[in-house]
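Coordinate inspection notes
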Amino acid sequence: MQVAIMLFPRLTALDAIGPYEVLQTVPEHDVVFVGEHRGEVRADTGFLGLTVDKTFADVQSPDIVVVPGGPGSRALLNGGAHLDWLRAVHPRTRFTTSVCTGSLVLAAAGLLDGLTATTYWGAMDHLEKLGAVPVTQRVVEHLPERLITAAGVSSGIDMAIRLVEVLVDDVAARAAQMLIEYDPQPPFDAGHPSRVGSAVMERAQEYRRARS
């Protein structure tokens, strides 16, 4: 089963690598990193590089597609090779999925019209403008439509574990979770804006501006 993880400049690395770590645990999965051109793309901070293994022309019938998010996702929304490829391959995938603002890319490709979907908390309004119905769930499934969206960054791990359950069974999903020792016990209950105060939000916005 071929799993194609889309790469593009200025993606958020964990959006791609989190699902990769889960999905590669299943021996039957052949995971490839796909993009417009082979070679390195730099992640959103510029510090980390990821490598595109295969071009869109090389990957015509992936079983699973994972679209990460990040600041670079905005550059894909007005058309081009990434949207063209998604529209071409989605009719034959078993599941087309996204993490963070990757759902904006799915929506821009016309895959989420009228469907509930989730994304990074700061992009909910944009998702709605692209035709989806934004909800604050961590993972949103539309199994008959073969679509799954995950919220910001770390939720891609949750999505991938659930995907293994759907594709194989719950034993495989639990094994994948255990193999990567995904046992989150964060030191703070600060994973969403609804659970933090103004001081945390101000600091977060300061950090975002510094990295933009």
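Let me begin by describing the structure that accompanies this report. Bear in mind the structure is a predicted one, so any value in this text is a computation, not a measurement. Once a new chain begins, its residue numbering starts again from 1 and follows that chain's sequence as written. Selection of residues for local features in this predicted model requires a pLDDT of at least 70, selection of side-chain atom pairs for listing and counting requires 80 or more, and totals for whole chains, interfaces and linings are taken over all residues. Hydrogen atoms and water are omitted, and side-chain values are computed over all heavy atoms in the structure.

Observations regarding the packing of helix α5 (residues 155-167) against helix α6 (residues 170-179)
So the rule is basically this: Axis geometry follows a simple rule: fit a line to the C-alpha atoms, using only the stretch in contact for helices, then measure angles between N-to-C directions, giving values from 0 to 180 degrees. Under the DSSP-based scheme used, a helix requires at least four consecutive residues in state H or I and a strand at least two consecutive residues in state E, with every element numbered from the N terminus. Note on terminology: angles under 35 degrees are roughly parallel, angles over 145 are roughly antiparallel, angles of 65 to 115 are roughly perpendicular, and the others are oblique. If you view the pair so one helix is near and one far, a crossing is left-handed when the near helix is turned anticlockwise from the far one by less than a right angle, and right-handed when it is turned clockwise. Should any heavy atoms of two residues lie within 4.5 Å, those residues are considered in contact. Throughout, the ten residues Ala, Val, Leu, Ile, Met, Phe, Trp, Tyr, Cys and Pro are labelled nonpolar, Asp, Glu, Lys and Arg are labelled charged, and all others, Gly among them, are labelled polar.
At a closest axis distance of 7 Å, the pairing of α5 and α6 adopts a crossing angle of 150 degrees. In terms of orientation, α5 lies roughly antiparallel with respect to α6. The chirality of how α5 crosses α6 is right-handed. For the pair α5 and α6, the contacting residues are Ile161, Val164 and Glu165 in the first and Asp170, Ala172, Ala173 and Gln177 in the second. Partitioning the contact of α5 with α6 into residue classes produces 4 nonpolar, 1 polar and 2 charged.

Considerations on the sheet that holds strand β2 (residues 30-35)
Formally: Strand pairing is defined by DSSP finding a minimum of two bridges between the two strands.
Sheet architecture is open: 7 strands sit in the order β5-β2-β1-β6-β7-β11-β10, paired in mixed fashion. The sheet is open, and its two borders are formed by β5 (54-55) and β10 (139-142), each paired with just one other strand. Looking at chain direction, strand β1 (residues 2-6) and β2 are connected through 5 bridges and run parallel. Paired with Ile5 across the strands is Phe33, a residue of β2. This element, α5, spans β6 (64-67), β7 (95-99), β10 and β11 (147-150) of the sheet and lies at about 165 degrees to β7.

Observations concerning unusual backbone geometry
Non-glycine residue Cys100 carries a positive phi angle of around 60 degrees. Within the secondary structure, Cys100 is located in the loop between β7 and α3 (102-108). Even without being a glycine, Val153 presents a positive backbone phi close to 45 degrees. Within the secondary structure layout, Val153 lies in the loop between β11 and α5.

Some remarks on the packing of helix α1 (residues 13-23) against α5
Direction vectors running N to C along α1 and α5 enclose 30 degrees, while the axes themselves pass 8 Å from each other. Relative to α5, the element α1 lies roughly parallel. Crossing handedness for the pair α1 and α5: right-handed. Here α1 contributes Gly18, Pro19, Val22 and Leu23 to the contact with α5, which in turn contributes Gly156, Ile157, Ala160, Ile161, Leu163 and Val164. Within the contact of α1 with α5, the residues separate by chemical class into 8 nonpolar, 2 polar and no charged.

Re the pairing of β6
For the record, the criterion: In this scheme, a residue with accessible area under 20% of its type's maximum is buried, one over 50% is exposed, and one in between is partly exposed, where area comes from a 1.4 Å probe on protein chains only. By convention, a crossover is right-handed whenever its connection, traced from the first strand over the helix to the second and viewed with the strands pointing away, goes clockwise.
Burial of the side chains of β6 extends over both faces: Ile64 and Val66 are buried on one face and Val65 and Val67 on the other. Both β1 and β6 contribute to a ladder of 3 bridges, which runs parallel. Pairing of Val3 across the sheet is with Ile64, part of β6. Once the chain exits β6 it traverses helix α2 (residues 81-89) before rejoining the sheet at β7, and the crossover so formed is right-handed.

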